[in-house]
Amino acid sequence: MRWTGLINHYREYLPVSDKTPVVTLYEGNTPLVPAESLNKITGLQVFLKYEGLNPTGSFKDRGMTMAISKAKEKGASIVMCASTGNTSASAAAYAVRGGVKCVVLIPNGNIALGKLAQAMIHQAQVIAIDGNFDDALNLVKDITANYPVELVNSLNPFRIEGQKTAAFEICDFLGDAPEFHAIPVGNAGNITAYWKGYKEYKNLGKSQTLPRMLGFQAAGAAPIVHNKIIEKPETIATAIRIGNPASWKSAVQARDESQGLIDLVTDDEILQAYRFLAETTGIFVEPASAASVAGVIKLAKAGYFKGQMSHRIVCTVTGHGLKDPKTAMKELPEPVVVKSDRKAILSLIGL
Ligand code: F0G
(Lines give C-alpha, C1' and ligand atoms only; values in the text may rest on other atoms or scores of the structure.)
Protein backbone atom coordinates (compact mmCIF):
# COMPACT_ATOMS: atom_id res chain seq x y z
CA MET A 1 0.00 0.00 0.00
CA ARG A 2 1.26 3.49 -0.82
CA TRP A 3 1.46 5.78 2.19
CA THR A 4 0.01 9.22 1.46
CA GLY A 5 0.10 10.80 4.90
CA LEU A 6 -1.58 10.26 8.22
CA ILE A 7 -4.80 12.13 7.42
CA ASN A 8 -5.53 9.80 4.54
CA HIS A 9 -4.54 6.73 6.52
CA TYR A 10 -6.42 7.50 9.74
CA ARG A 11 -9.14 9.68 8.23
CA GLU A 12 -11.99 7.91 10.06
CA TYR A 13 -10.46 8.78 13.46
CA LEU A 14 -9.76 12.42 12.66
CA PRO A 15 -12.02 15.49 12.49
CA VAL A 16 -11.78 15.89 8.71
CA SER A 17 -14.32 15.62 5.90
CA ASP A 18 -14.26 15.44 2.11
CA LYS A 19 -14.23 19.24 2.17
CA THR A 20 -10.98 19.46 4.15
CA PRO A 21 -8.12 20.49 1.84
CA VAL A 22 -5.44 18.05 2.95
CA VAL A 23 -2.03 19.70 3.20
CA THR A 24 0.45 16.85 3.51
CA LEU A 25 4.10 15.97 3.04
CA TYR A 26 3.25 12.27 3.57
CA GLU A 27 4.21 12.51 7.24
CA GLY A 28 3.73 9.66 9.75
CA ASN A 29 4.29 5.92 9.27
CA THR A 30 7.60 6.23 11.10
CA PRO A 31 9.46 3.07 12.09
CA LEU A 32 9.38 1.47 15.51
CA VAL A 33 12.97 0.32 15.81
CA PRO A 34 14.06 -2.29 18.38
CA ALA A 35 16.90 -1.04 20.60
CA GLU A 36 18.75 -4.14 21.82
CA SER A 37 21.37 -2.16 23.71
CA LEU A 38 18.61 -0.72 25.89
CA ASN A 39 17.06 -4.14 26.47
CA LYS A 40 20.25 -5.09 28.28
CA ILE A 41 20.08 -2.10 30.60
CA THR A 42 16.36 -2.26 31.36
CA GLY A 43 15.41 -5.92 31.08
CA LEU A 44 12.52 -4.74 28.91
CA GLN A 45 11.88 -5.00 25.21
CA VAL A 46 12.66 -1.46 24.07
CA PHE A 47 11.48 0.19 20.86
CA LEU A 48 12.28 3.65 19.56
CA LYS A 49 9.50 5.50 17.75
CA TYR A 50 11.77 7.27 15.30
CA GLU A 51 9.96 10.56 14.77
CA GLY A 52 13.02 12.26 13.33
CA LEU A 53 12.09 10.51 10.08
CA ASN A 54 9.10 12.77 9.51
CA PRO A 55 9.43 15.19 6.57
CA THR A 56 10.82 18.12 8.56
CA GLY A 57 12.66 15.88 11.01
CA SER A 58 10.33 15.92 14.01
CA PHE A 59 6.95 14.69 15.31
CA LYS A 60 5.51 18.18 14.83
CA ASP A 61 4.58 17.28 11.24
CA ARG A 62 1.83 14.98 12.53
CA GLY A 63 0.10 17.89 14.20
CA MET A 64 0.93 20.39 11.50
CA THR A 65 -0.68 18.48 8.62
CA MET A 66 -3.92 18.69 10.62
CA ALA A 67 -3.52 22.26 11.86
CA ILE A 68 -2.68 23.72 8.45
CA SER A 69 -5.35 21.68 6.63
CA LYS A 70 -8.00 22.84 9.10
CA ALA A 71 -6.75 26.44 8.97
CA LYS A 72 -7.14 26.35 5.18
CA GLU A 73 -10.57 24.78 5.43
CA LYS A 74 -11.57 27.71 7.62
CA GLY A 75 -10.19 30.17 5.10
CA ALA A 76 -7.28 31.45 7.20
CA SER A 77 -4.49 33.17 5.30
CA ILE A 78 -2.00 33.65 8.15
CA VAL A 79 -0.83 31.11 10.73
CA MET A 80 1.37 31.84 13.72
CA CYS A 81 3.26 29.96 16.41
CA ALA A 82 5.78 30.35 19.19
CA SER A 83 8.52 27.80 19.04
CA THR A 84 11.71 26.35 20.46
CA GLY A 85 12.42 25.46 16.83
CA ASN A 86 10.71 22.32 15.58
CA THR A 87 7.19 23.70 15.54
CA SER A 88 8.40 26.68 13.53
CA ALA A 89 10.24 24.45 11.04
CA SER A 90 7.16 22.31 10.56
CA ALA A 91 4.69 25.22 10.43
CA ALA A 92 6.85 26.95 7.83
CA ALA A 93 7.03 23.87 5.59
CA TYR A 94 3.31 23.05 5.78
CA ALA A 95 2.30 26.71 5.39
CA VAL A 96 4.30 27.09 2.21
CA ARG A 97 2.83 23.85 0.91
CA GLY A 98 -0.67 25.05 1.77
CA GLY A 99 -0.10 28.54 0.41
CA VAL A 100 -0.63 30.44 3.66
CA LYS A 101 1.63 32.98 5.33
CA CYS A 102 3.50 31.81 8.40
CA VAL A 103 4.82 33.94 11.26
CA VAL A 104 6.96 32.43 14.01
CA LEU A 105 8.19 33.85 17.30
CA ILE A 106 11.34 32.27 18.68
CA PRO A 107 13.45 32.89 21.78
CA ASN A 108 16.48 34.78 20.49
CA GLY A 109 19.66 32.68 20.56
CA ASN A 110 18.04 29.57 21.95
CA ILE A 111 17.03 27.52 18.97
CA ALA A 112 19.16 24.99 17.14
CA LEU A 113 20.63 26.18 13.86
CA GLY A 114 19.01 23.53 11.65
CA LYS A 115 15.55 24.51 12.85
CA LEU A 116 16.16 28.18 12.20
CA ALA A 117 17.43 27.35 8.71
CA GLN A 118 14.27 25.36 8.01
CA ALA A 119 11.91 28.14 9.08
CA MET A 120 13.88 30.69 7.05
CA ILE A 121 14.23 28.67 3.85
CA HIS A 122 10.51 27.87 3.86
CA GLN A 123 9.90 31.63 3.86
CA ALA A 124 8.31 32.02 7.27
CA GLN A 125 8.51 35.45 8.82
CA VAL A 126 10.84 34.67 11.71
CA ILE A 127 10.79 37.07 14.65
CA ALA A 128 13.28 36.45 17.45
CA ILE A 129 12.18 37.95 20.76
CA ASP A 130 14.22 39.04 23.67
CA GLY A 131 12.54 36.50 25.94
CA ASN A 132 11.96 32.78 26.31
CA PHE A 133 9.45 30.35 24.78
CA ASP A 134 6.85 31.05 27.45
CA ASP A 135 6.99 34.80 26.68
CA ALA A 136 6.69 34.05 22.97
CA LEU A 137 3.68 31.81 23.48
CA ASN A 138 1.91 34.46 25.57
CA LEU A 139 2.40 36.97 22.75
CA VAL A 140 1.15 34.52 20.14
CA LYS A 141 -1.94 33.69 22.22
CA ASP A 142 -2.71 37.39 22.57
CA ILE A 143 -2.21 38.22 18.87
CA THR A 144 -4.14 35.20 17.54
CA ALA A 145 -7.03 35.91 19.92
CA ASN A 146 -7.35 39.47 18.62
CA TYR A 147 -6.45 39.32 14.93
CA PRO A 148 -7.41 37.06 12.01
CA VAL A 149 -4.40 34.82 12.53
CA GLU A 150 -4.63 31.08 13.19
CA LEU A 151 -2.68 29.73 16.16
CA VAL A 152 -0.83 26.52 15.27
CA ASN A 153 0.81 25.73 18.60
CA SER A 154 -0.41 22.56 20.32
CA LEU A 155 -3.10 24.61 22.10
CA ASN A 156 -4.79 24.20 18.74
CA PRO A 157 -6.79 20.97 19.25
CA PHE A 158 -6.13 19.85 15.66
CA ARG A 159 -2.44 19.59 16.49
CA ILE A 160 -3.25 17.04 19.22
CA GLU A 161 -5.55 15.17 16.84
CA GLY A 162 -2.75 14.72 14.32
CA GLN A 163 -0.16 13.79 16.91
CA LYS A 164 -2.36 11.10 18.50
CA THR A 165 -1.84 8.99 15.34
CA ALA A 166 1.64 8.04 16.57
CA ALA A 167 -0.06 5.97 19.29
CA PHE A 168 -2.27 4.35 16.64
CA GLU A 169 0.78 3.40 14.59
CA ILE A 170 2.45 1.84 17.63
CA CYS A 171 -0.63 -0.28 18.42
CA ASP A 172 -0.98 -1.28 14.77
CA PHE A 173 2.67 -2.35 14.68
CA LEU A 174 2.83 -4.20 18.02
CA GLY A 175 -0.69 -5.62 17.83
CA ASP A 176 -1.55 -3.83 21.09
CA ALA A 177 -0.33 -0.96 23.26
CA PRO A 178 3.04 -1.48 24.96
CA GLU A 179 3.16 -1.75 28.77
CA PHE A 180 5.12 1.52 29.04
CA HIS A 181 5.52 4.62 26.90
CA ALA A 182 8.35 7.07 27.59
CA ILE A 183 8.34 10.58 26.14
CA PRO A 184 10.07 13.94 26.58
CA VAL A 185 7.83 16.68 27.96
CA GLY A 186 8.16 20.35 27.01
CA ASN A 187 4.95 22.20 26.29
CA ALA A 188 3.23 18.87 27.10
CA GLY A 189 1.19 18.59 23.90
CA ASN A 190 2.72 15.33 22.79
CA ILE A 191 2.17 13.35 26.00
CA THR A 192 -1.42 14.63 25.87
CA ALA A 193 -1.77 13.49 22.26
CA TYR A 194 -0.34 10.00 22.81
CA TRP A 195 -2.55 9.37 25.80
CA LYS A 196 -5.61 10.52 23.83
CA GLY A 197 -4.58 8.21 20.98
CA TYR A 198 -4.06 5.19 23.20
CA LYS A 199 -7.39 5.71 24.94
CA GLU A 200 -9.31 6.21 21.71
CA TYR A 201 -7.82 3.14 20.08
CA LYS A 202 -8.77 1.04 23.09
CA ASN A 203 -12.30 2.43 23.12
CA LEU A 204 -12.60 1.57 19.43
CA GLY A 205 -11.52 -2.00 20.16
CA LYS A 206 -8.38 -1.57 18.06
CA SER A 207 -6.19 -2.31 21.11
CA GLN A 208 -6.85 -4.07 24.40
CA THR A 209 -4.59 -2.37 26.92
CA LEU A 210 -3.18 1.01 27.90
CA PRO A 211 0.45 1.86 28.66
CA ARG A 212 1.81 3.65 31.68
CA MET A 213 2.92 7.06 30.46
CA LEU A 214 6.42 8.03 31.60
CA GLY A 215 7.16 11.70 30.87
CA PHE A 216 10.56 13.33 31.31
CA GLN A 217 11.43 17.00 31.69
CA ALA A 218 14.91 18.50 31.79
CA ALA A 219 16.04 19.21 35.35
CA GLY A 220 16.35 22.97 34.75
CA ALA A 221 12.96 23.11 33.06
CA ALA A 222 10.77 20.81 35.12
CA PRO A 223 7.67 22.78 36.16
CA ILE A 224 5.38 19.75 36.24
CA VAL A 225 7.78 17.74 38.40
CA HIS A 226 8.18 20.63 40.87
CA ASN A 227 4.53 21.64 40.51
CA LYS A 228 5.46 25.29 39.96
CA ILE A 229 6.13 27.62 37.06
CA ILE A 230 9.85 27.98 36.31
CA GLU A 231 10.48 31.63 35.40
CA LYS A 232 13.91 31.06 33.87
CA PRO A 233 14.08 27.53 32.49
CA GLU A 234 17.53 26.33 31.42
CA THR A 235 18.69 23.18 29.68
CA ILE A 236 20.98 22.09 26.88
CA ALA A 237 17.88 20.47 25.36
CA THR A 238 16.58 23.77 23.98
CA ALA A 239 13.51 22.11 22.43
CA ILE A 240 12.09 21.50 25.91
CA ARG A 241 13.36 24.68 27.57
CA ILE A 242 9.87 25.58 28.80
CA GLY A 243 8.80 26.81 32.23
CA ASN A 244 5.02 26.98 31.93
CA PRO A 245 3.69 24.26 29.61
CA ALA A 246 0.42 25.00 27.82
CA SER A 247 -0.90 21.46 28.26
CA TRP A 248 0.21 21.13 31.88
CA LYS A 249 -3.16 19.89 33.17
CA SER A 250 -3.66 17.25 30.50
CA ALA A 251 -0.11 15.98 31.01
CA VAL A 252 -0.85 15.48 34.70
CA GLN A 253 -4.07 13.75 33.73
CA ALA A 254 -2.19 11.40 31.36
CA ARG A 255 0.29 10.64 34.14
CA ASP A 256 -2.39 9.94 36.75
CA GLU A 257 -4.91 8.08 34.59
CA SER A 258 -2.19 5.81 33.25
CA GLN A 259 -0.60 5.31 36.69
CA GLY A 260 2.63 6.56 35.20
CA LEU A 261 4.97 9.33 36.26
CA ILE A 262 6.60 12.57 35.18
CA ASP A 263 10.20 12.80 36.34
CA LEU A 264 13.26 14.88 35.51
CA VAL A 265 16.61 14.09 33.94
CA THR A 266 19.74 16.22 34.20
CA ASP A 267 21.55 17.66 31.19
CA ASP A 268 24.35 15.16 31.85
CA GLU A 269 21.92 12.26 31.77
CA ILE A 270 20.40 13.64 28.56
CA LEU A 271 23.79 13.93 26.88
CA GLN A 272 24.83 10.46 28.01
CA ALA A 273 21.65 8.95 26.54
CA TYR A 274 22.15 11.08 23.39
CA ARG A 275 25.62 9.60 22.87
CA PHE A 276 24.53 6.10 23.88
CA LEU A 277 21.79 6.07 21.24
CA ALA A 278 24.15 7.29 18.53
CA GLU A 279 26.93 4.88 19.53
CA THR A 280 24.88 1.73 20.05
CA THR A 281 21.71 1.93 17.96
CA GLY A 282 22.72 3.94 14.90
CA ILE A 283 19.98 6.45 15.64
CA PHE A 284 20.96 10.12 15.90
CA VAL A 285 18.45 12.21 17.81
CA GLU A 286 18.46 15.76 19.06
CA PRO A 287 19.21 16.28 22.77
CA ALA A 288 15.57 16.79 23.85
CA SER A 289 14.64 13.48 22.26
CA ALA A 290 17.20 11.67 24.36
CA ALA A 291 15.30 12.74 27.49
CA SER A 292 12.90 9.81 27.08
CA VAL A 293 15.77 7.33 26.91
CA ALA A 294 17.68 9.05 29.72
CA GLY A 295 14.57 8.75 31.87
CA VAL A 296 14.15 5.07 31.14
CA ILE A 297 17.80 4.40 32.01
CA LYS A 298 17.37 6.35 35.25
CA LEU A 299 14.23 4.39 36.20
CA ALA A 300 15.90 1.08 35.32
CA LYS A 301 18.85 1.88 37.58
CA ALA A 302 16.43 2.73 40.40
CA GLY A 303 14.72 -0.66 40.02
CA TYR A 304 11.43 0.73 38.66
CA PHE A 305 11.09 -2.06 36.08
CA LYS A 306 11.95 -4.94 38.46
CA GLY A 307 9.71 -7.90 37.85
CA GLN A 308 8.49 -6.49 34.52
CA MET A 309 10.90 -8.64 32.51
CA SER A 310 10.29 -8.61 28.76
CA HIS A 311 7.49 -6.07 28.97
CA ARG A 312 7.45 -3.70 26.02
CA ILE A 313 8.39 -0.07 26.27
CA VAL A 314 8.28 2.48 23.49
CA CYS A 315 10.46 5.58 23.74
CA THR A 316 9.46 8.39 21.43
CA VAL A 317 12.57 9.98 20.00
CA THR A 318 11.02 13.19 18.85
CA GLY A 319 13.49 14.95 16.55
CA HIS A 320 16.46 14.20 14.30
CA GLY A 321 20.02 14.76 15.49
CA LEU A 322 20.84 16.70 12.33
CA LYS A 323 18.71 19.54 13.65
CA ASP A 324 21.47 20.44 16.07
CA PRO A 325 24.92 19.50 14.76
CA LYS A 326 26.57 22.12 16.98
CA THR A 327 25.67 20.25 20.15
CA ALA A 328 26.96 17.01 18.63
CA MET A 329 30.28 18.54 17.61
CA LYS A 330 30.77 20.21 20.98
CA GLU A 331 31.13 16.72 22.35
CA LEU A 332 33.44 15.40 19.67
CA PRO A 333 37.03 15.84 18.55
CA GLU A 334 37.86 17.39 15.18
CA PRO A 335 38.66 14.76 12.54
CA VAL A 336 42.33 13.84 12.13
CA VAL A 337 43.92 15.49 9.09
CA VAL A 338 46.69 13.65 7.22
CA LYS A 339 48.45 13.88 3.90
CA SER A 340 46.61 12.31 0.98
CA ASP A 341 48.76 9.23 1.33
CA ARG A 342 47.97 5.50 1.54
CA LYS A 343 50.70 4.71 4.04
CA ALA A 344 49.67 7.45 6.46
CA ILE A 345 46.07 6.26 6.37
CA LEU A 346 46.97 2.60 6.86
CA SER A 347 49.12 3.46 9.83
CA LEU A 348 46.26 5.41 11.41
CA ILE A 349 43.91 2.44 10.95
CA GLY A 350 46.58 0.16 12.38
CA LEU A 351 46.85 -2.02 9.29
N1 F0G B 1 11.13 16.95 21.63
C2 F0G B 1 11.34 17.86 20.68
C3 F0G B 1 12.42 17.59 19.69
C4 F0G B 1 10.57 19.04 20.63
O5 F0G B 1 10.81 19.93 19.67
C6 F0G B 1 9.59 19.25 21.60
C7 F0G B 1 8.78 20.47 21.60
C8 F0G B 1 9.39 18.25 22.57
C9 F0G B 1 10.17 17.12 22.56
C10 F0G B 1 8.35 18.36 23.62
O11 F0G B 1 7.07 18.17 23.11
O12 F0G B 1 6.10 20.34 23.73
O13 F0G B 1 4.66 18.45 23.02
O14 F0G B 1 5.82 18.39 25.21
N15 F0G B 1 8.99 21.44 20.87
C16 F0G B 1 8.13 22.62 20.76
C17 F0G B 1 8.58 23.51 19.62
C18 F0G B 1 7.87 23.33 22.02
O19 F0G B 1 8.31 24.71 19.65
O20 F0G B 1 9.15 22.99 18.67
P21 F0G B 1 5.83 18.88 23.80
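Scroll up a little and you will see the structure.
Note that the structure is a prediction, hence the values are computed from the model and not measured.

Asker: How do you make sense of the packing of helix α8 (residues 165–174) against helix α9 (residues 189–203) when you look at a structure like this?
Answerer: What describes two packed helices is the angle between their axes and the distance between those same axes. Across the interface, α8 lies against α9 with an axial gap of 7 Å and an inter-helix angle of 50°. Relative to α9, the element α8 is oriented oblique. In the packing of α8 onto α9, the handedness of the crossing is right-handed. Touching Ala 166, Ala 167, Phe 168, Ile 170, Cys 171 and Asp 172 of α8 are Tyr 194, Gly 197, Tyr 198, Glu 200 and Tyr 201, all from α9. Here the contact of α8 with α9 is composed, by residue class, of eight nonpolar, one polar and two charged.

Asker: Can you help me understand the pattern of salt bridges in this one?
Answerer: Think of it this way: side chains of opposite charge can pair up when their charged atoms draw near. Summed over the entire model, instances satisfying the criterion amount to 14 salt bridges. The partner of Glu 257 in a salt bridge is Lys 199, and the shortest N-O contact between them spans 2.8 Å. Of the two residues, Glu 257 sits in helix α11 (residues 248–257) while Lys 199 sits in helix α9, which places them 58 residues apart along the sequence. The class for Glu 257 is partly exposed, based on a relative accessible area of 39%. On the basis of relative accessibility, which here comes to 28%, the residue Lys 199 falls in the partly exposed class.

Asker: Just checking my understanding: could you explain the environment of Cys 81 for this structure?
Answerer: Note that Cys 81 resides in strand β3 (residues 78–82). Separated by 21 residues in sequence, Cys 81 and Cys 102 place their C-alpha atoms 8.2 Å apart. If sequence neighbours within four positions are ignored, Cys 81 has contacts with Thr 87, Ser 88, Ala 91, Val 103, Val 104, Leu 105, Val 140, Val 152 and Asn 153.

Asker: Sorry if this is basic, but what is going on with the layout of surface pockets here?
Answerer: It is the rolling of a water-molecule-sized probe over the atoms that shows where space remains empty. Space inside the largest pocket adds up to approximately 270 Å³. Taken together, 16 residues form the lining of the largest pocket, with Gly 109, Asn 110, Ile 111, Ala 112 and Leu 113 sitting closest to its centre. Among the secondary structure elements, those contributing two or more residues to the lining of the largest pocket are β4 (101–107), α5 (113–121) and α14 (325–330). It is α14 that provides the largest number of residues to the lining of the largest pocket, a total of three residues. Looking at the lining of the largest pocket residue by residue, the class counts come to eight nonpolar, five polar and three charged.

Asker: Before we go on, may I ask you to explain the site of the ligand in this structure?
Answerer: For the ligand, the set of nearby residues contains 19 residues, the closest of which are Ser 83, Gly 186, Asn 187, Ala 188 and Thr 318. With respect to the ligand, the side chain of Asn 86 contributes an N or O atom lying 2.8 Å from an oxygen atom. Here an oxygen atom of the ligand sits 3.2 Å away from a polar atom, N or O, in the main chain of Gly 189. Protein chains bury 99% of the 470 Å² of accessible surface belonging to the ligand in isolation. Given that more than half its atoms are within 2 Å of the pocket grid, the ligand belongs to the largest cavity. Grouping the constituent residues of the shell around the ligand by class yields seven nonpolar, 10 polar and two charged.

Asker: So what exactly am I meant to see when it comes to the packing of aromatic side chains here?
Answerer: Any two aromatic rings considered together are summarised by their centre-to-centre distance and by the angle between their planes. Under the defined criterion, the tally for this structure stands at 10 aromatic pairs. Ring centres 4.3 Å apart and planes at 10° place the aromatic pair Phe 168 and Tyr 201 in the stacked group. Linking Phe 168 in helix α8 with Tyr 201 in helix α9, this pair joins segments that are 33 residues apart in sequence. Note on Phe 168: relative accessible area 0%, which makes it buried. Among the aromatic residues, those joined into a ring-pair cluster are Tyr 10, Tyr 13, Phe 168 and Tyr 201.

Asker: Is there a simple way to think about the state of the cysteines in this case?
Answerer: Disulfides are covalent bonds that connect the sulfur atoms of two cysteines. Counted according to the given criterion, the structure contains zero disulfides. In this structure Cys 171 is a free cysteine whose sulfur lies 16 Å from that of Cys 315, the closest cysteine sulfur available. In this structure Cys 315 comes out as buried when scored by relative accessible area, which is 1%.

Asker: Help me out: how do you make sense of α8 in this one?
Answerer: Within an α-helix, residues lying three or four positions from one another point in the same direction, as the helix has 3.6 residues per turn. Counted residue by residue, α8 has eight buried out of 10 residues, so it is predominantly covered. Among all positions of α8, only Thr 165, Ala 166, Ala 167, Phe 168, Glu 169, Ile 170, Cys 171 and Leu 174 are buried. Within two residues after α8, Gly 175 carries a phi angle of roughly 90°, on the positive side.

Asker: I keep staring at the environment of Asp 18 and nothing clicks. Help me out?
Answerer: Looking at where Asp 18 falls in the secondary structure, it is placed in the loop between α1 (6–9) and β1 (32–34). Overall, the relative accessible area of 78% leaves Asp 18 in the exposed class. Between the C-alpha atom of Asp 18 and that of Pro 233, which follows or precedes it by 215 residues, the distance is 43 Å.

Asker: Got a minute to help me understand the packing of helix α12 (residues 267–280) against helix α13 (residues 290–301) in this structure?
Answerer: Their axes nearest at 8 Å, the elements α12 and α13 cross at an angle of 100°. The orientation of α12 with respect to α13, classified from their angle, is roughly perpendicular. Within the contact between the two elements, α12 uses Glu 269, Ile 270, Ala 273, Tyr 274 and Leu 277 and α13 uses Ala 290, Ala 291, Val 293, Ala 294 and Lys 298. Taken together, the residues of the contact of α12 with α13 break down into eight nonpolar, no polar and two charged.

Rules used in this analysis
- Residues numbered from 1 in each chain as written.
- Predicted model: local features only at pLDDT ≥ 70, side-chain atom pairs only at ≥ 80, totals over all residues.
- Heavy atoms only, no water.
- Axes fitted to C-alpha atoms, helices over the stretch in contact; angles between N-to-C directions.
- Helix = DSSP H or I, 4+ residues; strand = E, 2+ residues; numbered from the N terminus.
- Parallel < 35°, antiparallel > 145°, perpendicular 65-115°, else oblique.
- Left-handed = near helix turned anticlockwise from the far one by under 90°.
- Contact = heavy atoms within 4.5 Å.
- Nonpolar A, V, L, I, M, F, W, Y, C, P; charged D, E, K, R; others polar.
- Salt bridge = Lys/Arg side-chain N within 4 Å of Asp/Glu carboxyl O.
- Buried < 20%, exposed > 50% of the residue type's maximum accessible area, 1.4 Å probe, protein only.
- 1 Å grid on protein atoms, 1.4 Å probe; cavity = no way out; pocket = protein on both sides within 12 Å on 5 of 7 lines; lining within 4 Å.
- Points joined across faces, edges and corners; volume = space filled by probe spheres on them.
- Near = heavy atom within 4 Å.
- Polar contact = N/O pair within 3.5 Å; in protein donor to acceptor, adjacent residues only side chain to side chain.
- Areas by Shrake-Rupley, 256 points an atom, 1.4 Å probe, with all protein chains shown as cover.
- Sits in = over half its atoms within 2 Å of the grid points.
- Phe/Tyr/Trp six-rings, centres within 6.5 Å; stacked < 30°, edge-to-face > 60°.
- Disulfide = S-S within 2.5 Å.

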